[in-house]
Amino acid sequence: MVDFQSKQRVHWFGYKATVFPEPSCSYREQYHVQDRKTFPAHINLAVHDCRAEVVQDLNAPTEWEACLLLPGLRATYCDVFDSHDKKGSNTPTDQKEDKLLYKLGAKGSKNGEFNYPRGLCTTVEGDIVVADSKNHRVQVLSGYGVFKFAFGQHGTDIGKFDEPTGVTELPDRNLAVADRKNRRVQVFSEKGKFCYTFSTMNEPYDIAADHCDIIAVASVTRLVEIYQARDCTLVSHFLVPVISGCRQNGNCPYTLACLSRKL
């Protein structure tokens, strides 16, 4: 019997050999070549290589470890692929619906509860920031949905909201919130402290930012406004055309904003 962990040879009659000399080039060299020198009485016995045929010629330890890990990596890839594959489908192009990992929150006004949450984003730290519209606040949760803190309340003063509908993280890690009914964008620190605010042309509904300090604000009238975050100046604005068949009357009430972060 071979004890691969302690590198010792154990026989049926209870004799245990000393540790083999170090270093050795590989386990193959150690157990199938040097054992003939260690146990000369058994030199004429056939040595059986119990490894799989595909790895019997692998002598380098790195190749041996890679071959051991390969089945596990292949199985992991298949599991991930199968998790997106539709039931009863054998074609790679057909994918099933994404699986729900977990859900969080409930309807209410307590910490961790929401009333009409509309906008959300994730931070570089992995936190989840939610614009809790009807509670007129912004809640920050961990990546696992654990409540961390909230800021804002109903009102028109700075630091207060009237139905916040969108939130995004700026390159300096500040949080920009679309304060819909107050027709403005408020910027807070990552800890929820008020920094500054600027007015918008229409009621903002969604907001996005890129690495160049550009803030895009999508309004309820399908008007997209582009601002420079450094001085809060309006750079440009354009109207999103109506998509035929979007609604019964052909009008889309809201527009979402999204900016590419690629260089």
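Residues numbered from 1 in each chain as written. Predicted model: local features only at pLDDT ≥ 70, side-chain atom pairs only at ≥ 80, totals over all residues. Heavy atoms only, no water.

## Remarks on the nonpolar core
Of all hydrophobic cores here, the largest spans 12 residues; its members are Leu170, Ala176, Ala178, Val185, Val187, Phe198, Ile207, Ala209, Ile215, Val217, Tyr227 and Ala229. When contributions to this core are tallied by element, the ones reaching two or more residues are strand S8 (175-179), strand S9 (184-188), strand S11 (204-209) and strand S12 (214-219). Not counting residues within four places of it along the chain, the set of residues in contact with Leu170 comprises Ala176, Val187, Tyr196, Ala209 and Ile215. Grouped together as the second largest cluster of nonpolar side chains are 11 residues, Cys121, Val138, Phe161 and Val167 included. (Core = buried A, V, L, I, M, F, W, Y, C linked by side-chain atoms within 4.5 Å. Buried < 20%, exposed > 50% of the residue type's maximum accessible area, 1.4 Å probe, protein only. Helix = DSSP H or I, 4+ residues; strand = E, 2+ residues; numbered from the N terminus. Contact = heavy atoms within 4.5 Å.)

## Some details on the sheet that holds S11
Within the open sheet, the 4 strands sit side by side as S11-S12-S13-S14. Their pairing is antiparallel. Two strands close off the open sheet at either side, each with one partner strand: S11 and strand S14 (233-239). Neighbour-to-neighbour, the strand axes of the sheet open up by a mean angle of 20°, direction not taken into account. (Pairing = 2+ DSSP bridges. Axes fitted to C-alpha atoms, helices over the stretch in contact; angles between N-to-C directions.)

## Quick notes on the confidence of the model for the chain
The predicted model of the chain has a mean per-residue pLDDT of 75, with 56% of residues at 70 or higher. Across the chain, element-level confidence peaks in S9 with a mean pLDDT of 96 and bottoms out in strand S2 (residues 8-9) with 48. When the criterion is pLDDT under 50, residues 6-16 qualifies, and its contacts beyond four places in sequence or with other chains add up to 27 contacts. (pLDDT = per-residue confidence, 0-100.)

## A closer look at the packing of aromatic side chains
The geometry of two aromatic rings is summed up by the distance between their centres and the angle between their planes. Throughout the structure, instances matching the rule amount to 6 aromatic pairs. Arranged with centres 5.5 Å apart and planes meeting at 50°, the rings of Phe161 and Phe188 form a pair that is tilted. Here the residue Phe161 occupies a position in the loop between strand S6 (147-151) and strand S7 (164-169), and Phe188 occupies one in strand S9, the gap between them amounting to 27 residues. Pairing Phe198 with Tyr227 gives two aromatic rings, centres 4.9 Å apart and planes at 45°, and the pair type is tilted. Here Phe198, found in strand S10 (residues 194-199), pairs with Tyr227, found in strand S13 (residues 223-228); they are 29 residues apart in sequence, far enough to count as distant. A relative accessible area of 4% means that Tyr227 is categorised as buried. One aromatic cluster is present, built from ring pairs that chain together Phe149, Phe151, Phe161, Phe188 and Phe194. (Phe/Tyr/Trp six-rings, centres within 6.5 Å; stacked < 30°, edge-to-face > 60°.)

## Quick notes on the pattern of salt bridges
Taken as a whole, this structure holds 10 salt bridges when the rule is applied. Where Asp127 meets Lys148, a salt bridge forms, and the shortest distance between an N and an O atom there is 3.0 Å. Here the residue Asp127 occupies a position in the loop between strand S3 (117-122) and strand S4 (128-132), and Lys148 occupies one in strand S6, the gap between them amounting to 21 residues. Judged by relative accessible area, Asp127 falls into the buried class, the value being 13%. Lys148 gets classed as partly exposed once you look at its relative accessible area, which sits at 43%. In this structure, Asp132 engages Arg137 in a salt bridge whose closest nitrogen and oxygen atoms are separated by 3.1 Å. Grouping residues by exposure puts Asp132 and Arg137 together as buried. Through salt bridges that share partners, Arg118, Lys134, Glu163 and Lys181 make up one connected network. (Salt bridge = Lys/Arg side-chain N within 4 Å of Asp/Glu carboxyl O.)

## Observations regarding the side chain of Asn174
Tracing the backbone through its elements, the reader meets Asn174 in the loop between S7 and S8. A polar contact is formed between the side chain of Asn174 and the side chain of Asp172, at a distance of 3.1 Å. Residues within four places of Asn174 in sequence aside, it is in contact with Thr168, Glu169, Val187, Phe188, Ser189, Glu190 and Cys195. (Polar contact = N/O pair within 3.5 Å; in protein donor to acceptor, adjacent residues only side chain to side chain.)

## Here we look at the sheet that holds strand S5 (residues 137-141)
What the 4 strands build is an open sheet, ordered S3-S4-S5-S6; its pairing is antiparallel. The open sheet terminates on both sides in strands that have one partner only, identified here as S3 and S6. When strand polarity is set aside, the average angle formed by the axes of neighbouring strands in this sheet is 20°. By the bridge criterion, 5 bridges tie S3 to S4 in an arrangement that is antiparallel. Following the sheet pairing, Pro117 is matched in S4 by Asp132.

## Details of a nonpolar patch on the surface
Together, Leu101, Tyr102, Leu104, Tyr144 and Val146 make up a nonpolar patch on the protein surface, roughly 610 Å² of accessible area in all. Secondary-structure assignment places Val146 in the loop between S5 and S6. Judged by its relative accessible area of 52%, Val146 is exposed. (Patch = residues over 30% accessible without salt bridge, like charges linked within 9 Å, V, L, I, M, F, W, Y side chains within 5 Å. Areas by Shrake-Rupley, 256 points an atom, 1.4 Å probe, with all protein chains shown as cover.)

## Structural notes on unusual backbone geometry
With a phi angle near 55°, His136 is a residue other than glycine that sits in the positive phi range. Of note, His136 is situated in the loop between S4 and S5. On the basis of relative accessibility, which here comes to 13%, the residue His136 falls in the buried class. Positioned with a positive phi, Arg173 is a non-glycine residue whose angle comes to about 75°. Along the chain, Arg173 turns up in the loop between S7 and S8. For Arg173, a relative accessible area of 36% puts it in the partly exposed group.

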